[in-house]
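Letter by letter, the chains look like this.
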Amino acid sequence: MTRATTVRAVLAAAVLLVSVLITLTMSPRLGLDLQGGTRMVLQAKDSDTAKADRESTDRTLEVLRQRIDSLGVAEPTLTRSGEDRIIVELPDVQDPRKAAEVIGRTAQLSFHAVQGQGTPTDEKPGASGTPGSEKSGAGPTLPDEQGRALDLGPARLSGAGVKDATAAFDGQQGAGWTVSLDFHKAAGRDWTRLTGEAACHPVQDDRRRVAIVLDQQIISSPQVSPSVGCNAGLPSGSTQITGSFSADEARELALLIKGGALPLPVEIVEQRTVGPTLGAAAIDASARAALIGAAATALFITVVYRLFGALAAVALAAYGLISYAALVALGVTLTLPGLAGFVLAIGMAVDANVLVFERAREEHTQHPGRSLRSSLTAGFRGAWSAVADSNVTTLIAAGLLFFLGSGPVKGFGVTLAIGVLASMFSALVIARALTEIAAGSRFVSDYRGVNGISGPGRVRTWLTRRDPRLMRSPRRWLLISSALVAVAVLGILVRGVNLGVEFTGGRLVEYSTSRPVDVERARTALAGAGFGDAEVTTAGAGDLSVRTGKLDNDGEHALRAALAEEGGKTTKVRDELIGPSLGDELRRNALIALGIAVLVQLAYLAIRFRWTFAVGSVAALVHDVIILVGAFAWLGRTVDGIFLAALLTVIGYSVNDSVVVFDRVRELWAKARRQPVAEVANRAVLQTVPRTLNTGMGALFILTALAVLGGDSLADFALALLIGICVGTYSSVMTAVPAALVLERSSKAPPPARKRAPGRRSGKGTARRDPLDNGARV
């Protein structure tokens, strides 16, 4: 065993040991879509006194944190997003009405001197008042607890001066539930001054009262005690708000006052609620899909590559352990799309191994006298360029998902990026150490049927006998691709794209009923309850999906009650509320993400390859995007944020495939600079077809398992990736390469410079040509 192999083995063992320790001692952080709960996105708005910037939003976040802590929610999460948004996650909160009421209230508390009785009003006690006359220095005219209009002076003290507020039951004085206030030092002096001025007026005079106003409502206007002398005032800490409160009302008021006034008003622009049973089902379904898909993939590569395939399967299991430990150690929130990304990355992890093994097969076939270990080393060296470029393109897609996506889509981007890095370590360190150790065995070297890379493989042998000239007429393939794009565009124009609530705004709620309810009965019941515009569909397993336009939390409660009359006990399984402004923004960001994805991939490929290769790859990328969107339009499937995650993943996969082919074109063309590029491209395509097919099969096993076993939550995601990978496998060969060939005919750029052929220095014995490289024409 060489020194390099020993280093790889020790490094692999150390990483695996750390991963095992992390797995055994730390628990994953589950997102709300897996553990159940409510997620809200709050938009801070400009007010008369403050602008919605980073600083004021941070202050608003801290006030909200105090309020939510008082709600008693276990492990809530609050984070700022951008300049003016706050993301609130409340685990295990299934009814967001109470939380939304407490979170969203501005709680503008103020204390006013009463100037006298104002114009009589018909307002009921507690109703919102309207400002009175706009005379100089005057405050509003508001109804008190008994409905009498009071003229108030300007606010003398704000809620920011309140140090503490507690609810208590006062049985001795007969006041019932009250809220006691304690002021900060400076505010306490203002309070003493305010009550001292009020005490200068006669007893029972309205001007002896102090009005406590919360959100433009007088919640209490107590008389200053007759025992208080003029200008003496009440000391801080001896104020009680009374008003026939119930216990819950007193506690809520104390919570709001203690939390303080929000520096900025906030609006709920997004709200998602997921039931715990749905999250548990998603975890179980994804785990089953991962186990079955990974087992099928491991069996496939073992059949194709024999012993080395089995060792790659061991490395694949190590990849799963390492990537899971990385997610846990980094504290990444594992969401449903992220879980799907973790499963998908298992299939993509096979790609690097397949690239290496196919390259080793070529090396061993061209140089039969070379040792198995030398062929394997040459395979790793020759595949490095394609492995690096293909993984970089996938990382670009993951980065776009993180920076331009929102909510769970960000989690998918993080999971995908970690999966790509872990898969490279698995293939280039763990799998290489295992296969090099095995290659040093005389038994493995002597028996060609054992190792799996001594022969050319069935696909390569078949191509050698057939010798197809696929690139003889590149325009023919471009015509076929154009026809497929035309069919997809027709579907978009005729059927239309069914944009999800995430992009259009509105509310989507899924319910589970104890008694079966068909769609027509549900529609009739909702129409009778005043929800005639609600769209009702089935959501799998007998559940009902209701989609409406603008619907607040109280409206959702009434809608659920209407369904309960038909279906008995009605449980909310999933709830998504997206404001119209956020829907427009998400739709715009989705288009920006796609545009940036195309431009970044184009720039990267143009730098790494030739501009003709870059344009060909991007043409295939756009081809895949249009066909995938068109397929969903024809099928009537929903296009939402999860679809966007799948779409950007397909972009990375499509460019990944194109990179592998063009990397081989560049290598072969540098060796035969005088040979027509069409012949070189044909040879490159034939040499990379085994890798393309085997990698695609590895991914398809995983995605099929996700589609069949992943449940309704992952069905559209898996379907989008299945379509995308099939179309991407075709386009990387039959669209990208023909497009590059057509462009090369008009390009005067010289062929790429010749590079040192990989694996030549350690070769032994007589060289023999690749069966697909006959030195003349293919």
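As a reminder, the structure under discussion sits directly above these lines.
Everything numeric in this text was worked out from a predicted model, so none of it was measured.

(A) How the structure looks around the sheet that holds strand E13 (residues 266–274). The sheet built from 8 strands is open, its strands ordered E3-E4-E2-E13-E19-E16-E18-E17 with antiparallel pairing. The sheet is open, and its two edges are formed by strand E3 (77–81) and strand E17 (535–538), each paired on a single side. Shown here is a sheet whose adjacent strand axes are inclined to one another by a mean of 20°, direction ignored. Of the pairings in the sheet, the one linking strand E2 (residues 37–44) to strand E4 (residues 85–91) comprises 7 bridges and is antiparallel in character. Within the sheet, the bridge partner assigned to Gln43 lies in E4 and is Arg85. Contacting E17 and strand E18 (544–548), helix H16 (residues 519–528) crosses the sheet at an angle of about 155° to E17.

(B) Examining the packing of helix H21 (residues 677–709) against helix H23 (residues 736–746) more closely. Where H21 meets H23, the axes come as close as 10 Å, and the angle between the chain directions of the two elements is 165°. Accordingly, the angle class assigned to the pair H21 and H23 is roughly antiparallel. In the packing of H21 onto H23, the handedness of the crossing is right-handed. Between H21, through Val677, Ala678, Ala681 and Val685, and H23, the contact on the second element is made entirely by Val737, Leu741 and Glu744. Looking at side-chain class alone, the contact of H21 with H23 contains 6 nonpolar, no polar and 1 charged residues.

(C) Quick look at H16. Among the residues of H16, those classed as buried are Val519, Ala522, Ala525 and Leu526. Viewed end-on, H16 has its buried residues packed into an arc of 125°, placing them on one side of the element. The exposed residues of H16 that point more than 90 degrees off its buried face are Glu520, Thr524 and Gly528. Considering only its buried residues, H16 is in contact with E17, E18 and helix H17 (553–567). Taking the backbone nitrogen of Glu520 as reference, a side-chain oxygen 3.2 Å away marks Asp518 as the first, capping residue of H16.

(D) Up close: the side chain of Ser658. Mapped onto the fold, Ser658 is located in helix H20 (residues 641–671). With relative accessibility at 0%, the residue Ser658 sits in the buried group. Setting aside its immediate chain neighbours within four residues, Ser658 contacts Ser617, Ala620, Ser732 and Ala736.

Procedures and definitions
- Residues numbered from 1 in each chain as written.
- Predicted model: local features only at pLDDT ≥ 70, side-chain atom pairs only at ≥ 80, totals over all residues.
- Heavy atoms only, no water.
- Pairing = 2+ DSSP bridges.
- Helix = DSSP H or I, 4+ residues; strand = E, 2+ residues; numbered from the N terminus.
- Axes fitted to C-alpha atoms, helices over the stretch in contact; angles between N-to-C directions.
- Contact = heavy atoms within 4.5 Å.
- Parallel < 35°, antiparallel > 145°, perpendicular 65-115°, else oblique.
- Left-handed = near helix turned anticlockwise from the far one by under 90°.
- Nonpolar A, V, L, I, M, F, W, Y, C, P; charged D, E, K, R; others polar.
- Buried < 20%, exposed > 50% of the residue type's maximum accessible area, 1.4 Å probe, protein only.
- Arc of directions from axis to C-beta.
- Polar contact = N/O pair within 3.5 Å; in protein donor to acceptor, adjacent residues only side chain to side chain.

As far as function goes, none of this settles anything; it's purely spatial.
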